[in-house]
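# A look at the structure
If you want the building blocks of each chain, they are given just below.
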Amino acid sequence: MPFTTLPHTADVRIRVTAFGLPSLFAEAARAMAAIMAPGCVPAHVVTREVTVEAEDLEGLLHDFLSELLYLFDAEELLLCDCRVVLEGTRSLSATCRGEMFSREKHRGGNEIKGVSYSGLRIYKEGEDDVLEIIFDV
Amino acid sequence: MAGEVTRIGEYEWELPVDYRPGMRVPARFFLSEFLRKDLESGALEQLANVATLPGIVRYSLAMPDIHWGYGFPIGGVAAFAVDGGIISPGGVGFDINCGVRLLATPLRAADLSGRRELVERLFQAVPTGVGARSDRRLSGKDLEEVMVRGAAWAVEHGYGVPRDLERCEEGGAMAGADPSAVSPKARQRGLPQSGTLGSGNHFLEIQEVKEIYDPVAAAAMGVPPQGGVCVMIHCGSRGLGHQVCTDHLKTLEAATRRYGISLPDRQLACAPVNSPEGKAYYGAMAASANYAWANRQMITDMTRKVFVKMYGIGYDEMPLVYDVAHNVAKREDHLVNGKPVPLCVHRKGATRAFGPGSPGIPKECAAVGQPVIIPGSMGTPSFLLRGTAFAMEKTFGSTCHGAGRVTSRTQAKKNMRGQDVRDRLAKAGILVRAPSYESIAEEAPEVYKPSLEVVRVVDAVGLSKLVARLEPMGVIKG
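This structure is a prediction, so every number in the text was calculated from the model and none was measured.

Attention now moves to the overall build of chain B. Within chain B, the regular secondary structure consists of 15 helices and 19 strands. The C-alpha atoms of chain B give a radius of gyration of 21 Å, which matches the 23 Å a tight globule of 478 residues would have. Principal axes of the C-alpha set define a box for chain B whose edges measure 65 × 50 × 50 Å. Buried residues in chain B amount to 63% of all 478 residues. Summarising the internal contacts of chain B: among those between residues at least 6 apart in sequence, 77% fall at separations of at least 24.

This is the structure we're talking about:
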């Protein structure tokens, strides 16, 4: 299980675990795609380069996921397989692969309205990197 | 020792100002004993967080549907002085002007033939669910006008009648919209989504008027008589509003630091109401609110056309009862210590409930108060209420907005199968149509607090008074 759902009555709150921050960010992107549109196969059908800059690590994660959300809404790009490169804590670039969203193929998901800063945490747990985040649905 | 939750009255509770360091005012909320069982600690924390924001007037408030959200609690209301106070997207949410409207029909529930076909035709007519695209896609120029003129644009383009505008909060278009503060990204998200319902808790519902509690108010508002059929529409500003929130959070975060405001939660990023950043957010938020009013107006048009075709009634025989916003910040004057003061009132999952004689309510309702629409769930009733003078004194003219969830979406899907929920509701006479079974399970009636209890509390407290009860007959879910 790449991510687990944590209790939150109104929205979707998840916990993601990975080894290393770049994979943690990539797993967060995969989780977001699975919530919005289950069944994404990263068939390399579409590829996008994404770059974001922010004040800190939490800001980078927030802006990275918000950018993927924008691409889903505006261009119907479902990007679930990202290779993330972090330069310090203020700059991120990623190569993201996925496929075009299809209402027939990817049904049963929740429309995510936004990525919330409330409850957004990135921390170490032993060797692992962990994040918790709330999506407004 | 830190202050504790204190009971002020039968339904009124207080978090004293020493409940948490940094609170500038106490918090007040309204709950019955029954509803208090479900009060989450996260919601109380968020209520206390709001009390720390600069320029907050009187109290950080929450309505009886208070629950844990992000930024403000859902059901949260707070007013900030225009002079010295702040504006925050955390007090509005991603879905700017998510709201609800109620349409009357001349039809009787008992005579409504072909109900299954009606539900199916409405489902086909109104794009719903994740990734739904509009067949009434806006041009760039149209979008520019929609952001300024809201529902009025839609009416002029054939999606309604002029009287509809008299029955919308703000006449269906908030003043102060500034499209130049809406990013190209927000526009890109908004263009293909005009006239779409969305997903989650958004819905279009066919309802029967089951009981009229206040015949005078019901007549003034234009509610059909008992046994009559109504249609309720719940949706918001779609991706345009969501992106505006995301974009302005970023600029306001920088502003928060610049103005030296310390925050307990980053989602509460804010700036002084009259700062350039605060004004830009207000302008973009108002533009999004106007998009939402146009969106509900376009869905209204699709709905009316289905009814006209199926039942041979006139398009103008489905008048709008009212349309209210649930997520918005507005410039309003309220009495503070006996004097009118310009305020920026944030309602996050709360409804404006202006009392009799207030400015900005339909002339037919001037004597009874503003219509307030409180949706239930797929299996529980919705309610029509009226605003009160008491709400003007107590909550800056605000009341609750819905029932509020008690079970998470994940838990709901574990507990129930969508097919079973659909079949059970069908046996109770409620036909449900949705893009997936998952969305039916997630929105099953038992995942919400009982709407009747929430409404009973606002009625007992006097924040709004019951006018009519509406029960679901058919539901289109997003």
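So much for the structure itself; the text now carries on.
What follows covers the overall build of chain A. In terms of helices and strands, chain A carries two helices and seven strands. Along chain A, helices (α) and strands (β) appear in the sequence β-β-α-β-α-β-β-β-β when read from the amino end. A compact globule built from 137 residues should have a C-alpha radius of gyration of about 14 Å, and chain A, at 14 Å, falls within 12% of that. Sorting the 137 residues of chain A into buried and exposed places 50% on the buried side. Restricting the contact set of chain A to residue pairs at least 6 apart, pairs at least 24 apart contribute 67%.

Further remarks concern the nonpolar core. Among the nonpolar cores identified, the biggest contains 162 residues, and Phe 80, Ile 87, Met 221, Met 285 and Leu 384 of chain B are the most heavily contacted of them. In terms of residues, this core owes the most to one element, helix H10 (residues 276-311) of chain B, which gives 17 residues. The residues contacting Phe 80 of chain B, other than those within four sequence positions of it, are Leu 53, Gly 55, Ile 56, Val 57, Gly 85, Ile 86, Ile 87, Val 273, Leu 343 and Cys 344 of chain B. Counting 46 residues, the second largest nonpolar core, distinct from the first, contains Ile 35, Cys 96, Val 115 and Ile 122 of chain A.

Moving on, we come to the sheet that holds strand E4 (residues 77-87) of chain A. All names here are of chain A. Spatially, E3-E5-E4 is the arrangement adopted by the three strands of the open sheet, whose pairing is antiparallel. The sheet is open, and its two edges are formed by strand E3 (46-53) and E4, each paired on a single side. On average, each strand axis in the sheet is tilted by 25° relative to the strand beside it, whichever way the strands run. The pairing of E3 with strand E5 (residues 91-100) spans eight bridges and is antiparallel. In the sheet register, Val 52 faces E5, and the bridge partner there is Leu 92. On the sheet, helix H1 (residues 21-36) packs against E4 and E5 and is oriented at approximately 165° with respect to E4. Sheet strands touched by helix H2 (residues 57-75): E3, E4 and E5. Its angle to E3, the strand with the most contacts, is close to 140°.

This part covers the interface of chain A and chain B. Contact residues are listed per partner, giving 30 residues for chain A and 34 residues for chain B. The element contributing the most residues to the side of chain A that touches chain B is strand E6 (residues 114-125) of chain A, with five residues. Looking at the side of chain A that touches chain B residue by residue, the classes come out as 11 nonpolar, 11 polar and eight charged.

Residue and element names in this part refer to chain B. With a phi angle near 60°, Glu 170 is a residue other than glycine that sits in the positive phi range. With respect to the secondary-structure elements, Glu 170 resides in the loop between helix H6 (162-166) and helix H7 (184-190). A tally of 22 C-beta atoms within 10 Å means that Glu 170 is categorised as buried. Positive phi, close to 55°, is recorded for Phe 396, a residue that is not glycine.

Residues and elements named next belong to chain B. In contact at an axis separation of 7 Å, helix H5 (residues 151-159) and H10 are set at 30° when each is read in the N-to-C sense. Judged by the inter-axis angle, H5 sits roughly parallel to H10. Two packed elements cross with a definite hand, and for H5 against H10 that hand is right-handed. Residues Ala 151, Trp 153, Ala 154, Val 155 and Tyr 159 of H5 form the contact with H10, whose participating residues are Trp 293, Ala 294, Gln 297, Met 298 and Asp 301. Looking at side-chain class alone, the contact of H5 with H10 contains eight nonpolar, one polar and one charged residues.

Another point: the confidence of the model for chain B. Across chain B, pLDDT averages 96, with 100% of residues at or above 70. Two numbers describe this predicted complex: its pTM, 0.97, and its ipTM, 0.95.

All names here are of chain A. Within the open sheet, the four strands sit side by side as E1-E2-E7-E6. Their pairing is antiparallel. Looking at which strands have only one partner, the edges of the open sheet turn out to be strand E1 (3-6) and E6. Taken pair by pair, the neighbouring strands of this sheet meet at an average axis angle of 20°, ignoring direction. As paired strands, strand E2 (residues 12-18) and strand E7 (residues 128-136) are joined by seven bridges and run antiparallel to one another. Residue pairing for E7: Ile 14 is matched across the bridge by Ile 133. Docked against the sheet, H1 engages E1, E2 and E7, running at close to 145° with respect to E2. Where H2 meets the sheet, its contacts fall on E6 and E7, and the angle it forms with E6 comes to roughly 130°.

In this section: H5 of chain B. Looking at H5 of chain B, one finds that the buried residues are Ala 151, Ala 152, Trp 153, Ala 154, Val 155 and Tyr 159 of chain B. Turning to H5 of chain B, the residues buried within the fold contact helix H4 (140-149), H6 and H10 of chain B.

What follows is about the pairing of strand E19 (residues 464-477) of chain B. Residue and element names in this part refer to chain B. Among the 14 residues in E19, 12 count as buried, and that is most of the element. Inspection of the sheet shows strand E8 (residues 203-212) paired to E19 by nine bridges, in the antiparallel sense. By the bridge assignment, Phe 203 is partnered in E19 with Lys 477. Of the strand pairs in this sheet, strand E16 (residues 382-387) and E19 are connected by six bridges, and their pairing is antiparallel. Directly across from Ser 382, in E19, lies its bridge partner Leu 470. Sheet analysis places strand E18 (residues 431-433) next to E19, joined by three bridges and oriented parallel. The partner of Leu 431 across the bridge, within E19, is Gly 474.

Conventions adopted
Residues numbered from 1 in each chain as written. Chains lettered and ligands numbered in written order. Predicted model: local features only at pLDDT ≥ 70, side-chain atom pairs only at ≥ 80, totals over all residues. Helix = DSSP H or I, 4+ residues; strand = E, 2+ residues; numbered from the N terminus. Rg over C-alpha atoms; globule rule 2.2 N^0.38 Å. Buried ≥ 20, exposed ≤ 12 C-beta atoms within 10 Å, placed from the backbone. Contact = placed C-beta atoms within 7 Å. Core = buried A, V, L, I, M, F, W, Y, C linked by C-beta atoms within 7 Å. Pairing = 2+ DSSP bridges. Axes fitted to C-alpha atoms, helices over the stretch in contact; angles between N-to-C directions. Nonpolar A, V, L, I, M, F, W, Y, C, P; charged D, E, K, R; others polar. Parallel < 35°, antiparallel > 145°, perpendicular 65-115°, else oblique. Left-handed = near helix turned anticlockwise from the far one by under 90°. pLDDT = per-residue confidence, 0-100.

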